[in-house]
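# Reading the structure
Take a look at the letters that make up each chain.
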Amino acid sequence: MIKPHSFASLCVAGLLAGLSLPAQARVAVGDASAEIRRTSFGVPHILARDEQGLGYGIGYAYAQDNLCLLANEVITVNGERSRYFGPGERTFEQRENLPSDVFFTWLNPPTAVFGFWQAQPPAMRARLEGYAKGYNRALAEFKAQGQGPECLQAQWLRPITTLDLVKLTRRLLVEGGVGQFAEALAGATPPHVAAQLRPDLGAAQARQDQFAVERGSNAVAVGSERSFNGRGMLLANPHFPWAGGMRFYQMQLTLPGALDVMGAALPGLPLINIGFNRHLAWTHTVDTSKHFTLYRLELDPKDPTRYLLDGKSLPLTRQRLSVTVKGDDGQLKTLTHDAYSSVFGPIVQWPGRLDWDSRHAFSLRDANLENTRVLEQWDSMNRADSLKGLQATVQRLQGIPWVNTLAVDAKGRALYLNQSVVPYVDAALLAQCSDPAAGQEMIVLDGSRSACHWKVDPRAAQAGIFPAQLLPSLSRTDFVQHSNDSAWMVNPAAPLRGYSALVSRDDQPLGPRSRFALQRLASLNEKGRISPADLQQMVMDNQVYVAELVMPDLLTWCAGQGADKQLTALCASLKAWDLRANLDSGIGLVHFQNIMEALQNQQDVWRVGFDAKDPQHTPRGLAVDRPEVARALREAALVSVAEVAKAGDGAGLRWGQIQQAADGTPIHGGPASLGVYNAIQSVPVAPGKRLVVSGTSYLQVVTFDDQGPHALGMLAFSESSEAGSAHSGDQTRAFSAKQWQVIPFTEAQIKADPQYRLQVIREVEGATVAKSAP
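All values derive from a computational prediction rather than experimental measurement.

Another point: the packing of helix α5 (residues 110-119) against helix α7 (residues 162-173). Between α5 and α7, the least distance of the axes is 10 Å, while the angle of their chain directions is 95°. Between α5 and α7, the angle is such that the two are roughly perpendicular. Residues Ala112, Val113, Phe116 and Trp117 of α5 lie in contact with α7, whose contacting residues are Thr162, Leu163, Val166, Lys167, Thr169, Arg170 and Leu173. Among the residues forming the contact of α5 with α7, the class breakdown is seven nonpolar, two polar and two charged.

By the criterion of burial, strand β1 (residues 33-38) is predominantly enclosed, with five of the six residues buried. By the bridge criterion, four bridges tie β1 to strand β2 (residues 44-47) in an arrangement that is antiparallel. By the bridge assignment for β2, arginine 38 is matched with proline 44. As consecutive antiparallel partners, β1 and β2 are separated by five residues, and within that stretch phenylalanine 41 has a phi angle of approximately 70°, a positive value.

One pass over the full model with this rule turns up 15 aromatic pairs. Ring centres of phenylalanine 276 and phenylalanine 745 lie 5.2 Å apart, and the angle between their planes is 50°; this geometry places the pair in the tilted category. Residue phenylalanine 276 is located in strand β7 (residues 274-277), and its partner phenylalanine 745 is located in the loop between β28 (741-742) and α21 (747-752); the two are separated by 469 residues in the primary sequence. Exposure remark for phenylalanine 276: the relative accessible area of 0% places this residue in the buried category. For the ring pair phenylalanine 516 and tyrosine 677, a centre distance of 5.2 Å and an interplane angle of 50° mean the geometry is tilted. Highlighted residues: phenylalanine 516 in helix α13 (residues 512-527) and tyrosine 677 in the loop between β23 (659-660) and β24 (680-686), separated in sequence by 161 residues. Side by side, phenylalanine 516 and tyrosine 677 carry an identical accessibility label, which is buried. Taken together, Phe103, Phe104 and Trp106 form an aromatic cluster joined through their ring pairs. Above the plane of the ring of tryptophan 350 lies arginine 353, whose end atom (NZ or CZ) is 4.3 Å from the centre. Against the face of tryptophan 454 rests arginine 365, its NZ or CZ located 3.8 Å from the ring centre.

Cut-offs and rules
Residues numbered from 1 in each chain as written. Predicted model: local features only at pLDDT ≥ 70, side-chain atom pairs only at ≥ 80, totals over all residues. Heavy atoms only, no water. Axes fitted to C-alpha atoms, helices over the stretch in contact; angles between N-to-C directions. Helix = DSSP H or I, 4+ residues; strand = E, 2+ residues; numbered from the N terminus. Parallel < 35°, antiparallel > 145°, perpendicular 65-115°, else oblique. Contact = heavy atoms within 4.5 Å. Nonpolar A, V, L, I, M, F, W, Y, C, P; charged D, E, K, R; others polar. Buried < 20%, exposed > 50% of the residue type's maximum accessible area, 1.4 Å probe, protein only. Pairing = 2+ DSSP bridges. Phe/Tyr/Trp six-rings, centres within 6.5 Å; stacked < 30°, edge-to-face > 60°. Lys NZ or Arg CZ within 6 Å of the ring centre and 35° of its normal.

Following this line, the structure appears as C-alpha cells:
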C-alpha cells in the first residue's frame, strides 16, 4: 500500500499543479516576444526585450530543431519511460527503463523540484517560463500543420512545463555523482527482502568507466605573452555525446544593454554553458574532483534496516516510489519500490562492490543535490564583463557542478579554476574517517560516527562543500591548459599542489591528451607566438600521441617477426601508417587501436615507467624485450588480424570508410586513450563500420581586438537531431572537411550572413503571431 500523503505534501502538490497549468497560464498574455535570426547552418541568434521573451525565443528555436530529443528526455526525467515504452526497453544511455524510472522518481519528488524552483531569481523563473511557452508554441504549430518531427504522432509527446525544465537541470547536476549509481539505488534491497529489481549493473559499470571519456574535454587559454596579438585567445574542445540529453546546441542570446553572449547549451537550459561575449571567452573540462562520498554504515545486528550512529540505533528512512508500467498486453499497472536513506543519503547496493548484508550498507551523499545555484551561475558567467568578474561570480555562487573552467579576456589574462561543488573532506578528515582499503578512486567514509560528516565552512556557498578559497585557481599571462587530469600540471611552471584528494591529486600520471597539449605548446613556444591556426591545428591534425611514444619499439618487435607470415600484413600496415587519425589514414590505425587496447590490461608494458619528477615525458616506450610483454603483444596482434579479416577491412581501406556519423558522413579523430586531441568515441555497428557516439562537439577558437571578439568554430554534429532537417548534417560535413566557420556575433555579421533569415514571434490577445523575412 502506498502511504497517504501528509498535509504538507498535499500543499506542495497544489502549488506544483498551479505551476503546471496548460499554456503556462500564470504568464500574462502578450508578455512573450522574440526575434529569431538564423544564419548559416541554421544557427539562431535570439533577440528579445526581456527575460521571458528571451526564454520564449530559445524554447521555440530549440523545438524547431530538436523537439523529439527534448520530449524524450522529459519523459525520462519524469520517470515515465516504462509507462510508454515498457520496462525492458532502454534509454539512450542504455539504462533499462524500469530502474531509470525508479531513480528519477526518487531524484525528482515534488518537494525537491519545487524547492529548486523557489530558489531561482525572478529573472531566471521568467526565462524558464518563456522557454516552456516557446517550446509549446512550436509543438502546437507542428501539430496544426500535421507534419514535422518524427515523434509528432507519438502518444508520449506533450507540452512541457517549467518544472520539466527543473527536472532536466537536476538530472544534469547529478551526472557526476549519484546519477552514476542509478541502478545501484534502484536495486538496493534489505538482505531479508526478496529483490524487486535486478538492474543491469554490468552496463552501469561500463557507463561509469566511460563517463570521463564521453564527457571529457580539451581546453587551452593563451595569455598576452604567447598570443599572436597580445590579447587573450581560447580553444574550447568539449567531448560530449552526439545524441541524447547531453547534446550541445549552438545559439546567441541578446537582451539589448544587458546580455549578449554566443556559444553552446545543453538541452533544456536557457543559457550558454560554453561560449564568449564581448569581453571574454570561457570553456569547461570535466574535472577529476569528487562530488560525492560513500558512507559505510554499521547496521544494527537486530535489524538491517537500522544503523548505528555514535552508538545509537537509527531507522533508515523508507520512501515508497511508484512507477506506472505498460505490460506485454498493453495494460498499465503500478509497481512500487522502497528506497532507503540514512542521514547521509540514499542506500546504494552493488553486489561484490557495495553489498548490503546483515553488517553493513553503503549510503551515498551527493553534494550537487543541494546545488540550486547552477542556472544563476552560468547566467552570471554569460554576463561577466571581465575575467575578474567571472572569477568573482564563480567564487561567490559556487554553482558549477562537476567541471573546471578555463577563460581568457581581451586584456590578455588566462585563467584556470577548479572550483566546482566538492565535499569538504580535507586531508585530516580523510585520515580520520576514510577506509584505506577503498583507495582514493571512490571515497568511503565511516558512517558510524557523526564526526565523519563533511566539514562546514561559513565562507562556502553551501554547507558541507569546500569554500572557493581552498580550491585550485591559476591566473597566467602565458597559458593554462586542461584535458581531464587533476589540476597539478595545468601549467608546469606553476604546479598546483597540496589539495585534498577529493579536489586534486599530485604526482599522478598525466593522460596522453594533456601530454600532447604540453608538448605542442612547448614546440609552438620555440617557433614564436601562438596563432588561431595553431590552436585549430592542435585538434585537426589528428596526431595519435601514444603512437609516437611506442611505435619505434613496436616496429622493432615487428622486425623480429619476419618469419611469421600471420603478422606480415599487420606489421606492413603499421609501418605504412601516418600516425594520424585522419580520413585517409590506413588500416594500421585499426591494428594499433586493437593492440594498445589489449595491452592496457598488461602489467609493466612501459619501457620507461612513470616518474613524478618528469610527468610530461613518462611513461614511454614498449618493453618488447620482456618475454611477458612480447607474448601479450603477439596475442593482441593475432587477435587484431583475425578481427580485421572478419570485418573485411582490407589493406587499402581508410579510416573515413570505417568511422562515420549516423548519416554516413566520414569522421576523423580517434580514441582519447591514444592521445588523439580530437577525441572521438565510436562503437562497432556492422562489419568494418563504427558509429560515432561521442567526442568533439562544439568547437570554438576565440580571439580579441579593439573591435571585440572574433570566433571560428562549428558544432560537429550539427544543430538539429531531426533526420529530416536541413540542418541535421550540414555542420557535420563541414567538420568532416575540417572547414571551420566564422561565428557571426555582431549585428553587422549576423545580417551580412548569406543565409540570414528573420522570424518574429509574439503573442497578441491570446493568439500567436509569426512574421518571417528572408
